[in-house]
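# Survey of secondary and tertiary structure
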Amino acid sequence: MDNLEKQLICPICLEMFTKPVVILPCQHNLCRKCANDIFQASNPYLPTRAGSLTSGGRFRCPSCRHEVVLDRHGVYGLQRNLLVENIIDMFKQESSSKPVEERKEHVPMCDVHEEEKINIYCVTHGVPTCSMCKIFGAHKDCEVSPITSIYQTKKVELSDGIAMMVGNNDRMQGIISQLEETCRAIEENGRRQKTMVCEKFDQLYSTLEEKKREMSQKVTEEQEEKLNYIRSLTRKYGDHLEQSCKVVEMGIQTMEEPEMALFLQNTKPLLKKIADGTSTAHLDKVERGYENMDHFHVRFKKVLQALRSIDFLQAEDEEAARTGSQGSG
């Protein structure tokens, strides 16, 4: 029964599925309310009615990251998993019919007072401890609180952090998609500019061949430089996303920890990882128009004797040429 209960836990609320239960195209299940919550977080600008999204949109499965595309009915268009709902009913009925069995729980003991159980929480230092430490030990002058109240507070904090991380991962996936599109645009623009350069040089005599190779190489070098930068940035975002997913997985596993003291021992470093994972300030942002390569512009109006000194026009050269043209006009 314990193994069955674990299979009936929603990956969002970390509780037993609440009917109605919906099944995603990837065959994972969610409470419909939880599906609606994550859908709204992923589609904040879609119109809503009575707290529910009413038009089509998309979100990612929290278990496998598969993209779920919905029709105009939103989450209400997802198929209900009646089999899981029936299993939940049978499980609850079976659980209520059996006497509650006492089970032995592993309660961690204090490192200093080895015969004392950890049963309070030191608010001052942010660690669980025992009553003897409060009376005689290192925490005698500290502010303490019942472990149960801190357990509930930290559990809510961790749950909120996991939800925030899931939404942040969706946004990061969007950034990666944009970076991949930028790579394709740079490749296309680079090919177009090299083609233009080659077509211009192909009209000239063999004396232009060396210069043609030189100018084409300049386009290629800048193209590769930009592509290498974007690909490196894509890998960084991908690594950050992978690390964030691992933190989410650790968070979900921690949420399943039934022992409050063990849970609190693991929560503090985990919340630190969540705080670090939600920040993307250390990751570069691509400047607007970075993919453009239109500055590789060529004008063929010089005499044959000056062909060997020809080069791509820079922005200041174009401005000077326009100014001179207007002055002579």
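Residues numbered from 1 in each chain as written. Predicted model: local features only at pLDDT ≥ 70, side-chain atom pairs only at ≥ 80, totals over all residues. Heavy atoms only, no water.

An unreviewed UniProt entry lists the protein under the name RING-type E3 ubiquitin transferase, with Tetraodon nigroviridis given as the organism. Looking at the protein in UniProt, the text filed under Catalytic activity (unreviewed entry) is "S-ubiquitinyl-[E2 ubiquitin-conjugating enzyme]-L-cysteine + [acceptor protein]-L-lysine = [E2 ubiquitin-conjugating enzyme]-L-cysteine + N(6)-ubiquitinyl-[acceptor protein]-L-lysine." (UniProt positions renumbered as here; feature names shortened; annotations may be inferred.)

As a further point, take the overall build of the protein. Within the protein, the regular secondary structure consists of eight helices and nine strands. Within the protein, buried positions represent 35% of all 329 residues. In the protein, 58% of the contacts between residues at least 6 apart in sequence involve partners at least 24 apart. (Helix = DSSP H or I, 4+ residues; strand = E, 2+ residues; numbered from the N terminus. Buried < 20%, exposed > 50% of the residue type's maximum accessible area, 1.4 Å probe, protein only. Contact = heavy atoms within 4.5 Å.)

One open sheet holds the three strands; their spatial order is β8-β7-β9, and the pairing between them is antiparallel. Every other strand in the sheet has two partners, leaving β8 (127-129) and β9 (144-146) as the edge strands with one partner each. With direction set aside, neighbouring strand axes in the sheet form an average angle of 35°. Where strand β7 (residues 120-122) meets β8, three bridges bridge the pair, whose relative direction is antiparallel. Paired with Ile120 across the strands is Thr129, a residue of β8. Along the sheet, helix α5 (residues 147-201) makes contact with β7, β8 and β9, crossing β9 at roughly 85°. (Pairing = 2+ DSSP bridges. Axes fitted to C-alpha atoms, helices over the stretch in contact; angles between N-to-C directions.)

Locating Ile175 in the fold gives a position in helix α5. On the accessibility criterion, Ile175 (28% relative accessible area) is partly exposed. In this structure the C-alpha to C-alpha distance between Ile175 and Thr234, which are 59 residues apart in sequence, comes to 8.7 Å.

The tally for this structure, following the rule as stated, stands at eleven salt bridges. Arg231 is the partner of Glu187 in a salt bridge, and the nearest nitrogen-oxygen pair spans 3.1 Å. Within this pair, whereas Glu187 is found in helix α5, its partner Arg231 is found in helix α6 (residues 209-255), the two being separated by 44 residues in sequence. Look at Glu187 and you get partly exposed, because its relative accessible area is 23%. (Salt bridge = Lys/Arg side-chain N within 4 Å of Asp/Glu carboxyl O.)

Moving on: the side chain of Glu259. Note that Glu259 resides in the loop between α6 and α7 (260-277). A polar contact of 3.1 Å, which involves the side chain of Glu259, links it to the backbone nitrogen of Ala261. (Polar contact = N/O pair within 3.5 Å; in protein donor to acceptor, adjacent residues only side chain to side chain.)

Contact geometry for α5 and α7: axes closest at 10 Å, N-to-C directions at 30°. The orientation of α5 relative to α7 falls into the category roughly parallel. For α5 against α7, the interelement crossing comes out left-handed. Class assignment of the residues belonging to the contact of α5 with α7 gives a composition of 14 nonpolar, five polar and four charged. (Parallel < 35°, antiparallel > 145°, perpendicular 65-115°, else oblique. Left-handed = near helix turned anticlockwise from the far one by under 90°. Nonpolar A, V, L, I, M, F, W, Y, C, P; charged D, E, K, R; others polar.)

To continue, consider the state of the cysteines. Per the stated rule, a full pass over the model turns up zero disulfides. The closest cysteine sulfur to the non-disulfide-bonded Cys61 is located on Cys26, 3.6 Å from its own sulfur. Assessed through its relative accessible area of 1%, Cys61 is described here as buried. (Disulfide = S-S within 2.5 Å.)

Now for the nonpolar core. Judged by nonpolar contacts, the single largest core of 42 residues is most densely connected at Phe17, Leu24, Phe59 and Leu158. It is α5 that provides the largest number of residues to this core, a total of seven residues. Setting aside chain neighbours within four positions, we find Phe59 in contact with Leu24, Leu30, Ile38, Phe39, Ser42, His66, Glu67, Val68 and Leu70. Grouped together as the second largest cluster of nonpolar side chains are 14 residues, Cys183, Ile230, Tyr237 and Met293 included. (Core = buried A, V, L, I, M, F, W, Y, C linked by side-chain atoms within 4.5 Å.)

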